[in-house]
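Here is what each chain is made of, one letter per residue.
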Amino acid sequence: GAGDNPNLSFAGGSGTLANAVVRTAKSNKWDCQITIFSRAELSQSRMRVQHPECRYVIGDVRDYDRLESAISGHDIVIHAAALKRLPECEQYPDECFATNIFGSMNVVRACQRHAVKQCVGISTDKSVRAITNYGASKLAMEKLFMAQPTNPCLFSLVRYGNVVASNGSV
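Below or above, wherever it landed, is the structure these notes cover.

**Here we look at the overall build of the chain**
Phase 1 of the analysis: Scanning the chain from N- to C-terminus turns up six helices and six strands.
Phase 2 of the analysis: Scanning the chain from its N terminus toward the C terminus, one meets helices and strands in the order β-α-β-α-β-α-β-α-α-β-α-β.
Phase 3 of the analysis: Against the compact-globule benchmark of 15 Å for 170 residues, the chain has a radius of gyration of 15 Å, which places it among compact chains.
Phase 4 of the analysis: Buried residues in the chain amount to 42% of all 170 residues.
Phase 5 of the analysis: The contacts of the chain with a sequence gap of at least 6 include a subset with a gap of at least 24, amounting to 68%.
Phase 6 of the analysis: When the accessible area of the chain is evaluated, it comes to approximately 9000 Å², of which 54% is carbon and sulfur surface.
Phase 7 of the analysis: Each charge sign in the chain was given a centre, from 19 positive and 15 negative side chains, and these centres are 4 Å apart.

Written as structure tokens, this is what we have:
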């Protein structure tokens, strides 16, 4: 991004985590621009009511061109896009892998191409001793992020467990 105001982009950004970060940014008066990139138009619509100052882009991490356009000019990307509901990931492993692995590959490529300074991948405790398609796909995403060089983009990971009151938690 240009100037002193960093640009933050969420891939898969209309969920519980993105809402919490945007609320924190507002309450702490962060001097930044935030882009919300997700395929969930209803969630984006609800979020827009609460946070109209954010930029909203409908898209999917599977669509490289759309993703690349959405994160261009950003300093930080938080990659939270995922198919995460275990029954659906088991029933449709191809869809799970397309989003969670190949979508993550698109995020890595776009961040490197646009010299994003940092990309944080959101993973799960289910990647430890993965026995489900979801856990296996997130473990693959973690390994992909860990294999990247640290220049021009620093890739890091955060593992979450079940988050109280989030969409799809146990």
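After presenting the structure, the write-up continues.
**Re the packing of aromatic side chains**
Phase 1 of the analysis: For the structure shown, the criterion picks out one aromatic pair.
Phase 2 of the analysis: Centre to centre, the rings of Phe-145 and Phe-155 are 5.2 Å apart; their planes meet at 75°, and the pair counts as edge-to-face. Here Phe-155 lies in strand E6 (residues 154–160) and Phe-145 lies in helix H6 (residues 133–146), a separation of ten residues in the sequence. The same class applies to Phe-145 as to Phe-155, namely buried.
Phase 3 of the analysis: Above the plane of the ring of Tyr-64 lies Arg-109, whose end atom (NZ or CZ) is 3.6 Å from the centre.

**Brief notes about the pattern of salt bridges**
Phase 1 of the analysis: Scanning the model with the defined rule gives eight salt bridges in all.
Phase 2 of the analysis: Across the pair Lys-26 and Glu-53 runs a salt bridge whose closest N-O atoms are separated by 3.5 Å. Of this pair, Lys-26 sits in helix H1 (residues 16–27) while Glu-53 is found in the loop between helix H2 (41–50) and strand E3 (55–58), placing the two residues 27 residues apart along the sequence.
Phase 3 of the analysis: For Lys-26, a relative accessible area of 37% translates into the label partly exposed.

**Quick word on the nonpolar core**
Phase 1 of the analysis: Grouped together as the largest cluster of nonpolar side chains are 20 residues, with contacts concentrated most on Leu-67, Cys-111 and Cys-119.
Phase 2 of the analysis: For this core, the secondary-structure elements that each account for two or more residues are helix H3 (64–71), helix H5 (93–113) and H6.
Phase 3 of the analysis: Excluding residues within four positions of it along the chain, Cys-119 makes contact with Val-77, His-79, Val-107, Cys-111, Phe-145, Cys-153, Leu-154, Phe-155 and Ser-156.
Phase 4 of the analysis: Formed by 15 residues, the second largest nonpolar core is a distinct cluster that contains Ala-18, Ile-34, Tyr-56 and Ile-78.

**Thoughts on the pairing of strand E1 (residues 7–11)**
Phase 1 of the analysis: Counting buried residues in E1 gives five out of five residues, a clear majority hidden from the surface.
Phase 2 of the analysis: Burial along E1 is two-sided: Asn-7, Ser-9 and Ala-11 facing one way and Leu-8 and Phe-10 facing the other are all buried.
Phase 3 of the analysis: As defined by bridge partners, E1 adjoins strand E2 (residues 33–38) across five bridges and the pair is classed as parallel. Across the sheet, residue Ala-11 finds its bridge partner in E2, namely Phe-37.
Phase 4 of the analysis: Each parallel crossover has a hand, and the one from E1 via H1 to E2 is right-handed.
Phase 5 of the analysis: Both E1 and strand E4 (residues 76–79) contribute to a ladder of four bridges, which runs parallel. Bridge pairing in E4 places Leu-8 opposite Ile-76.

**Let's talk about the side chain of Ser-104**
Phase 1 of the analysis: For Ser-104, the position within the fold is in helix H5.
Phase 2 of the analysis: A distance of 2.8 Å separates a polar atom in the side chain of Ser-104 from a polar atom in the side chain of His-79.
Phase 3 of the analysis: Setting aside anything within four residues of it in sequence, one finds Ser-104 in contact with His-79, Thr-99, Met-141, Leu-144 and Phe-145.

About the thresholds
Residues numbered from 1 in each chain as written. Predicted model: local features only at pLDDT ≥ 70, side-chain atom pairs only at ≥ 80, totals over all residues. Heavy atoms only, no water. Helix = DSSP H or I, 4+ residues; strand = E, 2+ residues; numbered from the N terminus. Rg over C-alpha atoms; globule rule 2.2 N^0.38 Å. Buried < 20%, exposed > 50% of the residue type's maximum accessible area, 1.4 Å probe, protein only. Contact = heavy atoms within 4.5 Å. Areas by Shrake-Rupley, 256 points an atom, 1.4 Å probe, with all protein chains shown as cover. Lys, Arg positive; Asp, Glu negative; His and termini not counted. Charge placed at Lys NZ, Arg CZ, Asp CG, Glu CD. Phe/Tyr/Trp six-rings, centres within 6.5 Å; stacked < 30°, edge-to-face > 60°. Lys NZ or Arg CZ within 6 Å of the ring centre and 35° of its normal. Salt bridge = Lys/Arg side-chain N within 4 Å of Asp/Glu carboxyl O. Core = buried A, V, L, I, M, F, W, Y, C linked by side-chain atoms within 4.5 Å. Pairing = 2+ DSSP bridges. Right-handed = clockwise from strand over helix to strand, strands pointing away. Polar contact = N/O pair within 3.5 Å; in protein donor to acceptor, adjacent residues only side chain to side chain.

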